[in-house]
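Chains, contacts and geometry: an overview
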Amino acid sequence: MTKKTMTLSRQQLYDEIWQVSVAGVARKYNLNYSKLIAKCREENIPFPTSGYWTRKNMGKDVSGEVVALPTSDHENVELFVADVKSEKKKKGIEKETVKEPVKEPAKELDAEESVNDSEEDWKKIVDLKEEVDDTVLPFLDSTEKKRVLQTASELSIHDKKRLHEQLIKYKNSVTEWKRKTKETQNQRGYHYRYNKMDNEPTFFNEISTESQKRVFLVLDALFCAVEELGGKVNADLSMRVMADTVRIRIAEGQDKVIHELTKQEARKLVEYNDLIKQNRWASKPQIRKYDYIYNGKLRIVFESGKYIRDGEKEKLEDRLGDILLCLYEEADEARIQRERLEAEQRKREEEARRKEEIRKRKEDEIRRTKELLNRAEDYKIACEIRQYINAVTQHKDITPEVHEWIKWAKKKADWYDPLIAVEDEYLGRREHSRSKEEKDLDKINNRGRFSTWGW
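Below or above, wherever it landed, is the structure these notes cover. Per chain, residue numbering runs from 1 following the sequence as it is written. Residue-level local features of this predicted model are given only where pLDDT is at least 70; pairs of side-chain atoms are given and counted only at 80 or more, and the full residue set underlies all totals for whole chains, interfaces and linings. Note that water and hydrogens are dropped before the side-chain values are worked out from all heavy atoms of the structure.

Moving on, we come to unusual backbone geometry. With a phi angle near 60 degrees, N44 is a residue other than glycine that sits in the positive phi range. Here a strand is any run of E in DSSP of at least two residues, a helix any run of H or I of at least four, and the numbering for each starts at the N terminus. Tracing the sequence through the fold places N44 in the loop between α2 (33-42) and α3 (50-57). The buried label applies to any residue whose accessible area, calculated with a 1.4 Å probe on protein chains only, is under 20% of its type's maximum; exposed applies above 50%, and partly exposed to all values in between. Classification of N44 by relative accessible area gives partly exposed; the value is 44%. Unusually for a residue other than glycine, N279 sits at a positive phi of about 60 degrees. Note on N279: relative accessible area 73%, which makes it exposed.

Structure, rendered in structure tokens:
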């Protein structure tokens, strides 16, 4: 199928991009955002960074950031128009298949794209000015939103002030952990696998020593801003933003370079080759092919997998406002996740309470039914005793002894009858609700109580 194309002059494309952003032009002409970015680079057409739009929307003067259009042999640019149906179908498929957020994108983007490769997810930051008021931090009321945006617009690095208290404590904890680790390694019988120290502070493990100062300054600015807005910085360097905890990590990029043999590796390799030439067995030295060298390019990664990194034009220090807004976005996502989990927990607890109530009702119903049967059994015995008394009176002469027996038997019938439930002088009060075995006369003690012995 032939793809639809359209043609714009370089000047027109440049003008519209700097007026409404790359995202705005992509939507206007139904173009693929990522392909439009690639085309601009191919045709040497400069475009603003996301930080440019953030600062512009916050009312800052960004006139000095506008990059002039370089000259080119090409006057026009040919662009491929996106297939709307295919795009919708693709998005629908992705929405159904993606179950969990990716911890970190496999492809790192430049500064102007680094928040996320999905323009729709982050248009809240880079979109048109007239749309920002309605889409940036929509979960905040207007007063709080104004406070956050104002703080974001004023964020900057202060390298002359004392570092944040939690950063100082964390640095000290790293130093103390290294000291204790060294002491442990010097002990007799130490084994790196079985005697490894626990609770290692790992926040700076992906950063070179040369870049740590930059990281401390960035974190210091962010921590101070979060606390100024009513948040809190925790001991593990996570942050409480609004009512939820936001965790970040900062990593430094690495360059893959050919490994250069050390003197010791070269000597082992020579020894190995000599042994092989002598037809003797030898184990080949394990020498890695590549080294990974820190390159000073930092990125700040959020729990959702979104991240912002150093670009060609802007460093993390230039994008503190963007990072702060992202922290609030992450906090809102954490709130949604927390409320969902809390709702699920309440549902589980309610289901457990319902099942427990049903179980208790069932047990109570069983107990009451047994008691009913036990009382009915006693009533049946009482009725049989009275029938027997009537039979005796009809077939025997009523002598004084028989008359006395009838009087005694009637009392026993009344003692058995749960409707009368008289108390016997010797047997006490019959507990009609109990089972037949529990009311066995052989188990009654000499005080008219049911014995607890299992005779």
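This part is about the pattern of salt bridges. Any Lys or Arg side-chain nitrogen found within 4 Å of a carboxyl oxygen on Asp or Glu counts as a salt bridge. Evaluated as defined, the whole model comprises 33 salt bridges. For K39, the salt bridge goes to E42, with nearest N and O atoms at 3.8 Å. Of the two residues, K39 and E42 both sit in helix α2, three residues apart, roughly one turn of that helix. Judged by its relative accessible area of 56%, E42 falls in the exposed class. For R386, the salt bridge identified is with D414, shortest N-O distance 2.9 Å. Taken as a pair, R386 in helix α11 (residues 320-395) and D414 in helix α12 (residues 400-416) lie far apart in primary sequence, 28 residues in all. Residue classification places R386 among the partly exposed residues on the basis of a relative accessible area of 25%. Note on D414: relative accessible area 23%, which makes it partly exposed. The network of salt bridges with common partners includes E176, R179 and E183.

Worth remembering: the numbers are spatial, not functional.
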